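# Structural overview for review
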Amino acid sequence: MSYFEFSGKVNIISGENGLEQFGEELSRIGCRHIFVISDKTVGKLDLIDPVIETIVRENGMTASAVYQNVENGSSFQSVEEAYEIYRASSCDSVLAIGGGSVIDTAKALVLMLKTQSRDLSRLRTYNAAVAAQRVPFAVVPTTLGGGSEVTRFASIRNDAEQCKVQFVSDLLQPDVCVLDPRMIRTLTPRQLALGATRAMANALGAFISLQSTVVSDKFARQAVVRLRYAMELVRDESSDSRARLYLMQASILAGVARSNAQVGITHAIANAVCAHYPQIELSEALGVLLPQCLVFNKDARADKYAAMFATLAGEDAYLSVSADKRASGLVDCLVLTLGYYHEKFGTPATLAELGVEQDKLAEIASAVVREGNIMTNPKRIREQDVLEILQRSM
């Protein structure tokens, strides 16, 4: 690709003392009366109050409203409910504290506020939006993998249509996010493994995307380097916070790559699965589907598979495999990695483990071909192809 554009507007604060620098940054971007958005799980983990007490109030700001009813997977209902509370609370800015569902809900809320639209469904094709008003927007992630804190995408579940709606706009990107390993201190090794899996899916999806560029490829490969190092620490059961910080950094590196290159069928199929089964986490679905989706795309991107194999497995492993088998080496390496996560940390290995029913596969496959992510997949995919991938993943 001889021409491309690259976007990266989020100011990132990263480090073990990141929160201490965050309050000043909130003031700088214009936060005064903040709408805090989160969910009940984050509240129970006591991650909201410390941020409000030590970051918001000590810097002369107020938390004018705190909304904690974000649903798993986010939903139109949560966004619209948050919008009404924001409008009634004289807020001037949004602070999201939570994982991907919280951040995506906050993004959709901010999109409604910036465009002064009361109807979220009308904004689904709002790609080149121009803001009618400015809304300062900050994020404190408490989970791993999605990289939503730096992307210009938001995926919101529409229960009426039983699908996930993908929103794409530069207006969705936060002004600032903070990566502080203390905010993910409660994550279990299983949750760390699932976060690493999702970040890997983002990095690989962006790397082989039809819209990948030399710049997005750098972010994708560096994300994989960080993931490899971080998970070595997790496997060793290290208590070193470096593992958690590296996983957070890998998430945003993969997120930046995804935001610019987009992804493909792994995410398209996983989104459809989660739309039909809201109790399934996206990271779980991605981990189960990733191997079969990589097999499907391998012939269309053999050179890039080989390059990423060297990044994931290391130079010695790469050189020990003949050139014609290096693309397959990436798939084999990933299968081994995910298999280890399954054995060691209890991550799911099949869709059946997640509760997906055989008689629902055709319905899911039909939904996938309407998913926007397939547009950047390196190989054209038919409904029958999707059905076969789903069946092999059962």
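Residues numbered from 1 in each chain as written. Predicted model: local features only at pLDDT ≥ 70, side-chain atom pairs only at ≥ 80, totals over all residues. Heavy atoms only, no water.

### Side note on the environment of A349
On the secondary structure map, A349 appears in the loop between α13 (326-345) and α14 (361-368). Placed 168 residues apart in sequence, A349 and P181 show a C-alpha to C-alpha distance of 28 Å. Beyond its immediate chain neighbours, meaning those up to four positions away, A349 contacts V288 and H342. (Helix = DSSP H or I, 4+ residues; strand = E, 2+ residues; numbered from the N terminus. Contact = heavy atoms within 4.5 Å.)

### Here's the deal with the sheet that holds strand β3 (residues 62-67)
What the six strands build is an open sheet, ordered β1-β8-β5-β4-β2-β3; its pairing is parallel. The open sheet has two edge strands, β1 (11-14) and β3, and neither has a second partner. Shown here is a sheet whose adjacent strand axes are inclined to one another by a mean of 20°, direction ignored. Of the strand pairs in this sheet, strand β4 (residues 93-98) and strand β5 (residues 137-141) are connected by five bridges, and their pairing is parallel. Residue G98 lies in a different strand from β5, and its bridge partner there is P141. With respect to the sheet, helix α5 (residues 100-115) is in contact with β2 (33-37), β4 and β5, its orientation differing from that of β4 by roughly 165°. Along the sheet, helix α8 (residues 241-261) makes contact with β1, β5 and β8 (176-179), crossing β8 at roughly 150°. (Pairing = 2+ DSSP bridges. Axes fitted to C-alpha atoms, helices over the stretch in contact; angles between N-to-C directions.)

### Section: the nonpolar core
Within the largest apolar cluster, 114 residues are counted, with the highest numbers of intra-cluster contacts made by I37, V94, F167 and L390. No other element matches the 11 residues that helix α6 (residues 189-208) contributes to this core. L390 has contacts with I269, V273, L289, L351, L361, I364 and A365, leaving out every residue within four places of it along the chain. In terms of nonpolar packing, the next biggest core, distinct from the first, is built from 23 residues, C31, V42, I48 and V178 among them. (Core = buried A, V, L, I, M, F, W, Y, C linked by side-chain atoms within 4.5 Å. Buried < 20%, exposed > 50% of the residue type's maximum accessible area, 1.4 Å probe, protein only.)

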